[in-house]
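Here is what each chain is made of, one letter per residue.
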Amino acid sequence: MEDLVSDINVSEYYDQAISLIMAYAPKLILAIVTLIVGMWLINRAIGVLDKKLGAKDPTLNKFLCGLISAVLKIMLLISVASMIGIATTSFIAVIGAAGLAIGLALQGSLANFAGGVLILIFKPFKVGDTIEAQGFLGAVAEIQILYTVVNTFDNRRIVIPNGSLSNATLVNVSVYDTRRCDMTFGIHYNDDIDKAKAILQRLFDEDERSLKDPEPRICVGSLGDNSVNLMFRAWVPTDDLWPYYWDMHEKVKKAFDEADITIPFPQRDVHVYNKSE
């Protein structure tokens, strides 16, 4: 009797197993094939995108390839799960709730992430450019997803959040090949203006870094309290701007001294009156 019951139970389990295999085996096989083929197609597509964008912008290329690959693989896994028969509605709801919680906890990081995306897409600056932002002036060393690394000219490493860079004003001084060097030199009211302007023009012509086009502008910029201020605006290559600025100030001082042109300094006359009792 016990042997008969066990044979019946085994037979029932066997029939149920066969039914389950017949019902789910095609779906499982199809899901596995879909997963393998999908992964292969995603990797091929990412490889093609990597080759297309790699030479143009390595930073943007790495970010886009990683992001697109992650999104496509998540979509593939959800599709495979639905093919097997797993309810993906609740699964997606759980992912959404987890994403919302993580987003609230990482608001600052998400803002930096969004700023990094905007910087990589719109390219207000690139690696190697000299920018002035958040009170710092330096060369861009790295553009990361969350932060931008800037090396200052006194050899400091500044890490600036991309959220701040994307939402604030910044100055990119490396966009153009030439820049205008603005300088002001004061002379005494008794000195010859034309003579001083001729000296500035001579110093401009003698310096190989000076650009003839556009022409320099040398004129009286203002009449100050103690001096006549000559405005000297010359165009130079961007890389030579500051060396040119510093060298020209030294040359002007020496040339004015040789020509007996005085560079005045602020002074004040004090008159003292003695009043008897």
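Residues numbered from 1 in each chain as written. Predicted model: local features only at pLDDT ≥ 70, side-chain atom pairs only at ≥ 80, totals over all residues. Heavy atoms only, no water.

A. A look at the packing of aromatic side chains. As enumerated under the stated definition, the model contains four aromatic pairs in all. Put simply, the rings of Phe185, Phe204 and Phe232 touch in pairs and so form one group of aromatic residues. (Phe/Tyr/Trp six-rings, centres within 6.5 Å; stacked < 30°, edge-to-face > 60°.)

B. Local environment of the layout of surface pockets. The computed volume of the largest pocket comes to approximately 390 Å³. The set of elements that each furnish at least two residues to the lining of the largest pocket consists of strand 1 (130-133), strand 6 (178-187) and helix 7 (241-258). The element best represented in the lining of the largest pocket is helix 7, accounting for five residues. Taken together, the residues of the lining of the largest pocket sort by class into nine nonpolar, three polar and five charged. (1 Å grid on protein atoms, 1.4 Å probe; cavity = no way out; pocket = protein on both sides within 12 Å on 5 of 7 lines; lining within 4 Å. Points joined across faces, edges and corners; volume = space filled by probe spheres on them. Helix = DSSP H or I, 4+ residues; strand = E, 2+ residues; numbered from the N terminus. Nonpolar A, V, L, I, M, F, W, Y, C, P; charged D, E, K, R; others polar.)

C. Looking closely at the sheet that holds strand 5 (residues 171-172). Strand order across the open sheet formed by five strands is 4-3-2-1-5, with antiparallel pairing between neighbours. The sheet terminates laterally at strand 4 (157-161) and strand 5, the two strands that pair on one side only. Where strand 1 lies against strand 5, two bridges are found, and the strand directions are antiparallel. Its bridge partner being in strand 5, Glu132 is matched across the sheet by Val171. (Pairing = 2+ DSSP bridges.)

D. Local environment of helix 7. Helix length check: helix 7 (18 residues) gives 26 Å between terminal C-alpha atoms against 26 Å at 1.5 Å per residue, within 8%. Leu241, Tyr244, Met248, Val252, Ala255 and Phe256 are the residues of helix 7 that are buried. Down the axis of helix 7, the buried side of the element spans an arc of 90 degrees, and every buried residue falls inside it. Relative to its buried face, helix 7 has exposed residues pointing more than 90 degrees away, namely Trp246 and Glu258. Contact partners of the buried residues in helix 7: strand 6, helix 6 (193-206) and strand 8 (228-237). At the C-terminal side of helix 7, Asp260 shows a positive phi close to 60 degrees. (Expected span 1.5 Å × (residues − 1). Buried < 20%, exposed > 50% of the residue type's maximum accessible area, 1.4 Å probe, protein only. Arc of directions from axis to C-beta. Contact = heavy atoms within 4.5 Å.)

Everything listed here is a matter of coordinates, which is why it stays silent on function.
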